[in-house]
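# An overview of the molecular structure
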Protein chains: 2
Amino acid sequence: MSKIRLALVGLGKIARDQHLPAIAADDRFELVAIVSRNADLEGVAHFTTLADLLASDVAVDAVSLCTPPQPRHPLAHLALAAGKHVMLEKPPGATLSEVEDLRLTAAARGLTLQTTWHSRYAQGVAPARAWLADKAIKAVRIDWREDVRVWHPGQTWIWEAGGLGVFDPGINALSIATAILPRPFFLTGAVLHVPENCQSPIQAELDFVDAAGAPVRAEFDFLQTGPQSWDIAVETDAGVLKLSHGGAKLFIDGELLHEGPDAEYAGLYDAFARLVADAASDVDVSPLRHVADAFLLGRRVVAPAFIE
Amino acid sequence: MSKIRLALVGLGKIARDQHLPAIAADDRFELVAIVSRNADLEGVAHFTTLADLLASDVAVDAVSLCTPPQPRHPLAHLALAAGKHVMLEKPPGATLSEVEDLRLTAAARGLTLQTTWHSRYAQGVAPARAWLADKAIKAVRIDWREDVRVWHPGQTWIWEAGGLGVFDPGINALSIATAILPRPFFLTGAVLHVPENCQSPIQAELDFVDAAGAPVRAEFDFLQTGPQSWDIAVETDAGVLKLSHGGAKLFIDGELLHEGPDAEYAGLYDAFARLVADAASDVDVSPLRHVADAFLLGRRVVAPAFIE
């Protein structure tokens, strides 16, 4: 089978740290172009805009969009209209409505569209899903606590309207929870703590209930100093499952059952190559839909100003 | 064909003003039960809870849910689990995630689920959709301005988290716009004016763009005194279409093309009867999805306290 000729749009930190190594390590892909206003990559054709690339004689089968979510929909729409398969970094869009439009557009044209949730490819996630599949869930507890000053230095966009605030990491927790729990869950109440000088929450407490009535509680915190937590604990009739380190380690009743090296983006590109080969799509907005539900239903509380 | 034996859940103002007359006027329905904690209706079996009705010997084919949206999902899920068709008043839920669950549940059981948007059955809407179908849209302008003190006296829930504020009427405008415009549209920015003593916006300005790049501007206002406006104007290559009075009157270039008596809920129940006969569903969350997008993406501005 011939290689998938791939263009990478956006060459920021996530593209360099994760996408480029994953693409280089997967021989089903050939990186044929970089689209970036400012940056370029030695040995790869460079274009300032996606329109320039599509108007060029560089042949492209698929486009991976690593730009920030705000201007992603016009780019994705342009790529699909030109007959290209599309991979979307998380979150898949600035709004749910635009992702639904992309889903319909890709389906109508028989193209692959992939909404990516990299945390779902953390080492413990697939075994956690398999273990939970036949268990009775009693309660779920999600703790996602990190120090924004350490992990997001200078990222002022995160505090603006649409920037998601603490939901930027929190959506990773939701992407894991929606992947491992055997039943869907729904928000019943939320409190969003918004600094008086910001638009987006710095802390959030979310109460969900699953389809069988089990409580799912999530606490997201951007002000955690000292030990950081990216943990999901699921109390079941057969013991307590715990995913820690963002899904990398899986414990059952305190015993380490599974861990492994980070291969999240290798997993994403493996899935994308399979989708393209099968002419299939994977469009799952459930993590972003939970975030939108939290903004829709959540009670806002004014928090002290955030000064980096 | 035998009649659809219908139970009405919730017997508030909207049920008495709209649902009961529409059901009485449609001979495909037989009202067999009322579920309401406090209210009852002479000559119709009464139950305090839906569970009581479902455990009784009153045979029911379908349930129409007119309760407030917050506790609607458990009721709808209970009805579907008992094999009943379900009609949902607008908005169809407190969150998007729970409506998606109902959609999947109804589909798995071969039951009818209908998300109702009554404004779509206003007299001018169907002819507006037909007229716009082959026109090039240049710009859309939505003005939805009403006096909350006149139309929602004492409805304090509207100001609480999840109460939607000015989006409670505004979602009607969005339900019409999503029905008549030939292309989907997506939010690019929004400003939400939230009174300092409330959780929900009292005014909102929304900027959308449609799939071909045409601007769609919506202004919702709860503080309009004097003349009230529920208008949608669509500038096209063949003239300006205007829907006024909440969709009841249709004008082309200022000339009245269509008006008629209010028959919104007759239209809803007609559609529900057809869906049940065809074993089909109509689950469209697009108006609520736009509202969730506005809460997700919108910039909040503090407005003066609202004192009724």
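Shown above is the structure to which this text applies.
Residues numbered from 1 in each chain as written. Chains lettered and ligands numbered in written order. Predicted model: local features only at pLDDT ≥ 70, side-chain atom pairs only at ≥ 80, totals over all residues. Heavy atoms only, no water.

## What about the sheet that holds strand 14 (residues 255–258) of chain A?
Residues and elements named next belong to chain A.
- Here we have 9 strands laid out as an open sheet, ordered 14-13-12-11-7-10-9-8-15, and mixed in their pairing. Across the chains shown, the open sheet's two edge strands, defined by having one partner strand only, are strand 14 and strand 15 (299–303). Along the sheet, successive strands turn relative to each other by an average axial angle of 15 degrees, direction set aside.
- Sheet analysis places strand 8 (residues 185–195) next to strand 15, joined by 5 bridges and oriented parallel. (Pairing = 2+ DSSP bridges. Helix = DSSP H or I, 4+ residues; strand = E, 2+ residues; numbered from the N terminus. Axes fitted to C-alpha atoms, helices over the stretch in contact; angles between N-to-C directions.)

## What about the packing of helix 9 (residues 286–297) of chain A against helix 9 (residues 286–297) of chain B?
- Between helix 9 of chain A and helix 9 of chain B, whose axes approach to 8 Å, the crossing angle comes to 75 degrees. As judged from the angle between their axes, helix 9 of chain A and helix 9 of chain B are roughly perpendicular. Residues Leu288(A), Val291(A), Ala292(A), Phe295(A) and Leu296(A) of helix 9 of chain A form the contact with helix 9 of chain B, whose own contacting residues are Leu288(B), Val291(B), Ala292(B), Phe295(B) and Leu296(B).
- Per-class residue counts for the contact of helix 9 of chain A with helix 9 of chain B are 10 nonpolar, no polar and no charged. (Parallel < 35°, antiparallel > 145°, perpendicular 65-115°, else oblique. Contact = heavy atoms within 4.5 Å. Nonpolar A, V, L, I, M, F, W, Y, C, P; charged D, E, K, R; others polar.)

## Let's talk about the packing of helix 3 (residues 72–81) of chain B against helix 4 (residues 96–109) of chain B
Residue and element names in this part refer to chain B.
- At their nearest, the axes of helix 3 and helix 4 sit 10 Å apart, and the two run at 5 degrees to each other. Considering the angle they form, helix 3 stands roughly parallel to helix 4. Taken together, the residues of helix 4 that come into contact with helix 3 (itself represented by His 73, Ala 76, His 77, Leu 80 and Ala 81) are Glu 98, Asp 101, Leu 102, Thr 105, Ala 106 and Arg 109.
- Looking at the contact of helix 3 with helix 4, its residues break down into 5 nonpolar, 3 polar and 3 charged.

## Some details on the interface of chain B and chain A
- If you look at the interface, chain B gives 29 residues, while chain A gives 29 residues.
- When the buried surface of chain B facing chain A is broken down by residue, Ser97(B), Phe186(B) and Leu296(B) rank first, second and third, together holding 25% of it.
- Run the count over chain B and chain A and you get 0 salt bridges.
- Connecting chain B to chain A are 8 residue pairs in polar contact (both at pLDDT 80 or more). (Buried area = accessible area lost by both parts, 1.4 Å probe. Salt bridge = Lys/Arg side-chain N within 4 Å of Asp/Glu carboxyl O. Polar contact = N/O pair within 3.5 Å; in protein donor to acceptor, adjacent residues only side chain to side chain.)

## Examining the pairing of strand 9 (residues 203–210) of chain A
Residues and elements named next belong to chain A.
- Residues of strand 9 alternate between two faces, with Ala 204, Leu 206, Phe 208 and Asp 210 buried on one and Gln 203, Glu 205, Asp 207 and Val 209 left unburied on the opposite face.
- Of the pairings in the sheet, the one linking strand 8 to strand 9 comprises 8 bridges and is antiparallel in character. Note on strand 9: the bridge partner recorded for Gly 189 is Asp 207.
- Here 7 bridges tie strand 9 to strand 10 (residues 215–221), and the two strands are oriented antiparallel to one another. Its bridge partner being in strand 10, Phe 208 is matched across the sheet by Val 216.
- Linkage of strand 9 to strand 10, two consecutive antiparallel strands, is achieved through a turn of 4 residues, within which Gly 213 is found at a positive phi near 95 degrees. (Buried < 20%, exposed > 50% of the residue type's maximum accessible area, 1.4 Å probe, protein only.)

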